[in-house]
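This is what each chain is made of:
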Amino acid sequence: MKAGRVGAVLLLAHGSSYPGAAATTRGLARRVAQARPGTDVRVSFLDHAGPRPTEQLAAFERAGAGPVTLVPLLLTSAYHDRVDVPAVIERARLDGLRIPVDVTDVLGPVGGVVAPALLTGLRRRLSDTGTRFDAVVLAAAGTRDAAALSTVDLVAGLLGRGLGVPCLAAYASAAGPTPGEAVMRLTAVGARRVAVAAYFLAPGLLHDAVVTAARAAGAVAVAEPLGTAPELVRLVLDRADAVSSALAAA
């Protein structure tokens, strides 16, 4: 395997009972595989949808795959990244898995650095709304993890700077402000056309809640989740390649 090139990739999503969420993740996997011919790309879910990551890792081993690169489809490094992902690897080892599994960074900010592809993808989805705006809310799912919240603030600041407009972070659950509150804060200081960028990878109940709250507060548009945007495909591959290159250089 060439340095910086991976042959087996497992995308690990949280999972959702929401119709279309798993299909979006599978669509992302297809786009990643198309962008990197010869790479075996599979999906797994921690909850709700299947298959589970331990099942997919075992399937890779049965297929004779070498090292597997596991990419957590997460935009913040919180509980799922710090606890659930290591637990997946431990469970697989207890079940007899022998092949190496290398875990990448999350897709969101790492060490205070935001991948340019993430910002470009968010701008793409805002552009897709076809709406003019003079302020933006970056709406995320939400967490009680202060460090994770700070990374959303970081993305909001950089997104606003790149667009040349004010941008506030907001959360559908667990933290404030809510998307509706953030829209009203921006209009209170003079914004007339507030759009909402969706800091989500796939559709779900929380994104639906963002749409409802933001529209009720007067938002002129709410962007779709990143989904299968080409920038997200690029980011997944960049994360996988970074692990492969680091191992080759070690």
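Whatever comes next refers back to the structure up there.
Residues numbered from 1 in each chain as written. Predicted model: local features only at pLDDT ≥ 70, side-chain atom pairs only at ≥ 80, totals over all residues. Heavy atoms only, no water.

**Looking at the overall build of the protein**
Item 1. Along the backbone of the protein there are 8 helices and 8 strands.
Item 2. The C-alpha atoms of the protein give a radius of gyration of 18 Å, which matches the 18 Å a tight globule of 250 residues would have.
Item 3. Based on the C-alpha atoms only, the size of the protein along its principal axes is roughly 60 × 30 × 30 Å.
Item 4. By the burial criterion, 50% of the 250 residues in the protein qualify as buried.
Item 5. Counting only carbon and sulfur atoms, one obtains 54% of the accessible surface of the protein, whose full area is about 11,100 Å².
Item 6. Side chains of the protein carry 25 positive and 20 negative charges; the gap between the two charge centres is 6 Å. (Helix = DSSP H or I, 4+ residues; strand = E, 2+ residues; numbered from the N terminus. Rg over C-alpha atoms; globule rule 2.2 N^0.38 Å. Buried < 20%, exposed > 50% of the residue type's maximum accessible area, 1.4 Å probe, protein only. Areas by Shrake-Rupley, 256 points an atom, 1.4 Å probe, with all protein chains shown as cover. Lys, Arg positive; Asp, Glu negative; His and termini not counted. Charge placed at Lys NZ, Arg CZ, Asp CG, Glu CD.)

**Re helix 7 (residues 205-216)**
Item 1. Over its 12 residues, helix 7 extends 17 Å from the first C-alpha to the last, a length consistent with the 16 Å expected when each residue adds 1.5 Å.
Item 2. In this structure, the buried residues of helix 7 make contact with strand 5 (135-140), helix 6 (179-188), strand 7 (194-199) and strand 8 (221-222).
Item 3. Looking one or two places after helix 7, you find Gly-218, whose phi comes out positive at around 105°. (Expected span 1.5 Å × (residues − 1). Contact = heavy atoms within 4.5 Å.)

**A look at the side chain of Thr-143**
Item 1. Tracing the chain through its elements places Thr-143 in the loop between strand 5 and helix 5 (146-163).
Item 2. Among the polar contacts listed, one links the side chain of Thr-143 to the backbone nitrogen of Asp-145, at a separation of 3.0 Å.
Item 3. What Thr-143 contacts, discounting residues up to four positions off in sequence, is Ala-78, Ala-148, Leu-149, Ser-173, Ala-174 and Ala-175. (Polar contact = N/O pair within 3.5 Å; in protein donor to acceptor, adjacent residues only side chain to side chain.)

**Describing the packing of aromatic side chains**
Item 1. Summed over all chains, the structure comprises 0 aromatic pairs.
Item 2. Sitting above the plane of the Phe-60 ring, Arg-42 keeps its charged end 4.4 Å from the centroid. (Phe/Tyr/Trp six-rings, centres within 6.5 Å; stacked < 30°, edge-to-face > 60°. Lys NZ or Arg CZ within 6 Å of the ring centre and 35° of its normal.)

**Details of the nonpolar core**
Item 1. If you look at the biggest cluster of nonpolar residues, it comprises 46 residues, and the most contacted ones within it are Leu-11, Leu-73, Leu-107, Leu-118, Leu-138 and Tyr-199.
Item 2. Excluding residues that lie within four positions of it along the chain, Tyr-199 makes contacts with Leu-75, Gly-108, Pro-109, Leu-118, Leu-122, Leu-138, Ala-139, Ala-140, Val-152 and Val-155.
Item 3. Judged by nonpolar contacts, the second largest core, of 17 residues, contains Val-183, Ala-198, Ala-214 and Val-222. (Core = buried A, V, L, I, M, F, W, Y, C linked by side-chain atoms within 4.5 Å.)

**Looking at the pattern of salt bridges**
Item 1. Within the structure shown, the criterion is met by 6 salt bridges.
Item 2. Note that Arg-42 is salt-bridged to Asp-40, the shortest N-O span being 3.0 Å.
Item 3. When the shortest N-O distance is used, the salt bridge between Arg-124 and Glu-231 registers 2.8 Å. One end of the pair, Arg-124, is in helix 4 (residues 116-128); the other, Glu-231, is in helix 8 (residues 230-249), and 107 residues separate them in sequence. (Salt bridge = Lys/Arg side-chain N within 4 Å of Asp/Glu carboxyl O.)

**Side note on the sheet that holds strand 2 (residues 40-45)**
What links the strands of a sheet is backbone hydrogen bonding, and the strands pair in either a parallel or an antiparallel sense.
Item 1. Strand order in this open sheet of 4 strands is 2-1-3-4, and the pairing throughout is parallel. Sheet topology places strand 2 and strand 4 (101-103) at the edges, where each strand pairs with a single neighbour. Adjacent strand axes in the sheet meet at a mean angle of 25° when their direction is disregarded.
Item 2. Packing of helix 1 (residues 21-35) onto the sheet brings it into contact with strand 1 (8-13) and strand 2, and relative to strand 2 it is tilted by some 160°.
Item 3. Packed onto the sheet, helix 2 (residues 53-62) meets strand 1, strand 2, strand 3 (68-72) and strand 4 and runs at close to 155° relative to strand 2. (Pairing = 2+ DSSP bridges. Axes fitted to C-alpha atoms, helices over the stretch in contact; angles between N-to-C directions.)

**Points about the side chain of Glu-61**
Item 1. The topology assignment puts Glu-61 in helix 2.
Item 2. One buried charged residue, Glu-61, remains without a salt bridge, the closest side chain of opposite sign being Arg-98 at 4.0 Å.
Item 3. Not counting residues within four places of it along the chain, the set of residues in contact with Glu-61 comprises Gly-96, Leu-97, Arg-98 and Ile-99.

**Things to note about the pairing of strand 5**
Item 1. For strand 5, the buried fraction is high: 6 of the 6 residues fall into the buried class.
Item 2. Across 6 bridges, the pairing between strand 5 and strand 7 is parallel. Each bridged residue has a counterpart across the sheet, and for Ala-135 the counterpart in strand 7 is Val-194.
Item 3. Regarding topology, helix 5 serves as the crossover connection from strand 5 to the parallel strand 6 (residues 167-171), and that connection is right-handed. (Right-handed = clockwise from strand over helix to strand, strands pointing away.)

Remember, this is a structural readout, not a statement about activity or role.
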